[in-house]
Amino acid sequence: NDIQSSEHKKGSESGPLGSTDFLKLKALSDGPPKELKIRLIKVESGDRETFIASEVEEKRIPLEEISIKNTASEIIRSCKGARVKGKFRESYLLPAFSVKPIMTSEEPIPREKLNPPTPSIYLESKRDAFSPVLLQFCTDPKNPVTVIRGLAGSLRLNLGLFSTKSLVEANAEQAVEVRTQVQQPADENWDPSGTGQTWPCESSRSHTTIAKYAQYQASSFQESLQEEDEDDEKEKKPSNCSDNPSKESSKEIGKIIKFGTNIDLSDPKRWKPQLQELQKLPAFMRVASSGNMLSHVGHTILGMNTVQLYMKVPGSRTPGHQENNNFCSVNINIGPGDCEWFSVHENYWHAINDFCEKHGVDYLTGSWWPVLEDLYNANIPVYRFIQRPGDLVWINAGTVHWVQAVGWCNNIAWNVGPLNAYQYQLALERFEWNEVKKVKSIVPMIHVSWNVARTVKITDPDTYKMIKHCLLQSMKHIQILRDQLVAEGKKISYQSRVKDEPAYYCNECDVEVFNLLFVTSENNNRKTYVVHCEDCARQRSPNLTNVVVLEQYRIEELMNTFDSFNLVSRDLPLLLPCQTYAQYPGVPSISYKLRVHLPPETKLVVS
């Protein structure tokens, strides 16, 4: 969150705050220029015409009656007339706009239905992969996870580019984060004493290189082959009954393994062939595309809008989690071994959060592995499936999931944010929950929402209404805060954003700070500036002494964006839901009628 100023002469290119001492920046006037609207009324008297100037009184709408149907100037006028005491706090979400599926059921789900079949799509051709049906199926709010079997084969993806051998050849010295874990069965999580199953799932962190981890991965495989040979030899020998030990009440702890995680493949020079290969994927699955919210952030978020690699040995665990800000994720198994996945619909995250609290582990920031029996007893359905080499797993918005390697394999993964109402709603919900829990939202949702409004044509009414409401709330927050600062006699300095400038977060509480930045110089060093939110700035100095308030957008800019952001009409949709049915209470699914022209041999097989 440090903002570095530069001695470079070109202020606009030298960094976010330029080279000018920002303390001397000229203050803005209070909001947009004040205007008096005059109407001229023509008066005829005999053969003479005269005009009377009449002031037009503009009606002010009470703030609580303002909605997305109002114009930006009506919103600003209402904010100026409102008397808000203290900090203005209102949600960016309107409950009336919710699109989440209703999945609660009075009846308990029968035990055999608590392991529902995972939707698995078998693609038979490249054309299938680009069918609109695939996008609609994967992003349907009722489908928490979709496995696309053999995607690599149908798209002729060269997964060999991500094999351990290729990775070593491409960049042997690249850093690898290592998690040291205890190997155990995928559906078990024993406490350190081995006496009972538990939720906490701790691992220690260290670092190595791709070359060194590759060596470990290979030697682990060789050791396993030797152990198999030794076991075969033992089986050939006659067993001695007296050698059989009595059963212990506690379970023997498994061996220690190392999992190579979060390997950054973002550098387009070092990883050019690998990143080019992923361009073969359908647009909605790609790392970057116009319909992906993460492509409108304007800067890199490692592992979200860039590719990350995972190098595994059997038992390597990715503990339970939802993705950052509930975004969707794409994961491809490179092989040669399999991975086992467990996932639960977003609808049940509160219940899982309660289990984490009960077991003393933080849901958002801690490391946990659900005890399956606890979930079944709580009537929570768990999808469980094997991801084979070449299979792509699509994790839908908000899906809770945890993964364990069955064999030796590599995986690649990244996030995507399809511009649909379900994804947008869940992302904003988590944005607000993170603020309550004082956890950083890796995706700056207010910044992204304004960028999307500037650049994307939205055709879905639900998505449009949610984004427009977020912009409305953002403008209200900004104008009310601005008026309060001006009333206090605080100078506000305008400093427009520069290209590729990141979004800002408070240095203390990690909340996103949009447009009005509260800036202090670090240790009175005039070259290093730190951004705060209003609350944290006032904790340091209640009267904001030695705090400079920077404004990155003129209010007219935001007003223009708001007014020009409109729903774009579209032709009739290609796909219409034709039948909704319940597989079992609480977890309905939907089938679609295909209304696109595909050759007769095209099949989308859903198991």
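Scroll up to find the structure this text is about.
Scoring rules and cut-offs
- Residues numbered from 1 in each chain as written.
- Predicted model: local features only at pLDDT ≥ 70, side-chain atom pairs only at ≥ 80, totals over all residues.
- Heavy atoms only, no water.
- Helix = DSSP H or I, 4+ residues; strand = E, 2+ residues; numbered from the N terminus.
- Buried < 20%, exposed > 50% of the residue type's maximum accessible area, 1.4 Å probe, protein only.
- Contact = heavy atoms within 4.5 Å.
- Areas by Shrake-Rupley, 256 points an atom, 1.4 Å probe, with all protein chains shown as cover.
- Disulfide = S-S within 2.5 Å.
- Patch = residues over 30% accessible without salt bridge, like charges linked within 9 Å, V, L, I, M, F, W, Y side chains within 5 Å.
- Salt bridge = Lys/Arg side-chain N within 4 Å of Asp/Glu carboxyl O.
- Polar contact = N/O pair within 3.5 Å; in protein donor to acceptor, adjacent residues only side chain to side chain.
- Pairing = 2+ DSSP bridges.
- Lys, Arg positive; Asp, Glu negative; His and termini not counted.
- Charge placed at Lys NZ, Arg CZ, Asp CG, Glu CD.
- Axes fitted to C-alpha atoms, helices over the stretch in contact; angles between N-to-C directions.

Asker: Would you explain the overall build of the protein chain in this entry?
Answerer: Per the secondary structure count, the protein chain includes 14 helices and 25 strands. When the 607 residues of the protein chain are sorted by exposure, 50% land in the buried category. Taking all contacts inside the protein chain whose residues are at least 6 apart in sequence as the whole, residues at least 24 apart take part in 81%. For the protein chain, the accessible area works out to roughly 30,500 Å², and carbon and sulfur atoms hold 50% of it.

Asker: Sorry, what's going on with the state of the cysteines here?
Answerer: Each disulfide consists of a covalent bond between the sulfur atoms of two cysteine residues. Inspection of the entire model under this criterion finds zero disulfides. Distance from the sulfur of C339, which forms no disulfide, to the nearest cysteine sulfur (C409) is 3.6 Å. C506 carries a free sulfur, and the closest cysteine sulfur to it, the one in C536, is 3.6 Å from it. Using a relative accessible area of 0% as the deciding quantity, one classes C506 as buried.

Asker: Would you take a moment to explain a nonpolar patch on the surface for this structure?
Answerer: Residues I38, L40 and F51 make up a contiguous nonpolar surface patch of about 330 Å² in total accessible area. On the secondary structure map, I38 appears in strand β2 (residues 38-45). Its relative accessible area of 46% is what places I38 among the partly exposed residues.

Asker: Looking at this model, I keep getting lost on the environment of K499. Mind explaining?
Answerer: Here K499 shows up in the loop between β17 (492-494) and β18 (504-505). A polar contact is formed between the side chain of K499 and the side chain of D500, at a distance of 3.5 Å.

Asker: Explain unusual backbone geometry to me, please; I cannot follow it from the model alone.
Answerer: Working note: non-glycine residues mostly have negative phi, and peptide bonds are mostly trans. Going from G335 to P336, the amide bond is cis rather than trans, its omega being 5°. With respect to the helices and strands, the residue P336 is situated in strand β11 (residues 328-336). Phi angles above zero are rare outside glycine, and R156 is one such case at about 55°. Counting through the fold element by element, R156 comes out in the loop between α4 (151-155) and α5 (164-171). A residue is classified by how much of its surface remains accessible, and R156, at 70% relative accessible area, is exposed. Unlike most non-glycine residues, N326 shows phi in positive territory, near 60°. As for its placement among the helices and strands, N326 is situated in the loop between β10 (317-321) and β11. What makes N326 buried here is its relative accessible area of 1%.

Asker: So what exactly am I meant to see when it comes to the pairing of strand β8 (residues 256-264) here?
Answerer: The side chains of a regular strand alternate, residue by residue, between the two faces of the sheet. Across six bridges, the pairing between strand β6 (residues 175-182) and β8 is antiparallel. Across the sheet, residue T180 finds its bridge partner in β8, namely K258.

Asker: Explain the side chain of S367 here, please?
Answerer: Inspection of the secondary structure assignment puts S367 in the loop between α8 (349-358) and α9 (372-377). Relative accessible area serves as the criterion here: at 14%, S367 is assigned to the buried category. Those residues in contact with S367 that sit more than four places away from it in its chain are W199, P200, C201, E202, P319 and V361.

Asker: Help me understand the pairing of strand β16 (residues 409-416), please; the structure alone is not making it clear to me.
Answerer: In terms of residue burial, β16 counts as a mostly covered element, since eight of its eight residues are buried. Alternating residues of β16 divide into C409, N411, A413 and N415 and N410, I412, W414 and V416, and every residue in both groups is buried. Taken together, the five bridges between strand β9 (residues 308-312) and β16 define a ladder with antiparallel strand orientation. Within the sheet, the bridge partner assigned to M311 lies in β16 and is N410. Summarising the sheet, β11 and β16 pair through eight bridges and their orientation is antiparallel.

Asker: How should a negative patch on the surface be read in this particular structure?
Answerer: A surface patch of negative charge is lined by E223, E227, E228, D229, E230, D231, D232 and E235. A residue is classified by how much of its surface remains accessible, and E223, at 41% relative accessible area, is partly exposed.

Asker: How should I be thinking about the sheet that holds strand β12 (residues 339-344) in this particular structure?
Answerer: Within a beta sheet, neighbouring strands are joined by backbone hydrogen bonds and run either parallel or antiparallel to one another. Read across the open sheet, the four strands follow the order β10-β15-β12-β13; overall the sheet is antiparallel. The open sheet has two edge strands, β10 and β13 (383-387), and neither has a second partner. Averaged over all neighbouring strand pairs, the angle between strand axes comes to 15°, with direction disregarded. Relative to strand β15 (residues 400-405), β10 runs antiparallel, the two sharing three bridges. Paired with T318 across the two strands is V403, which belongs to β15.

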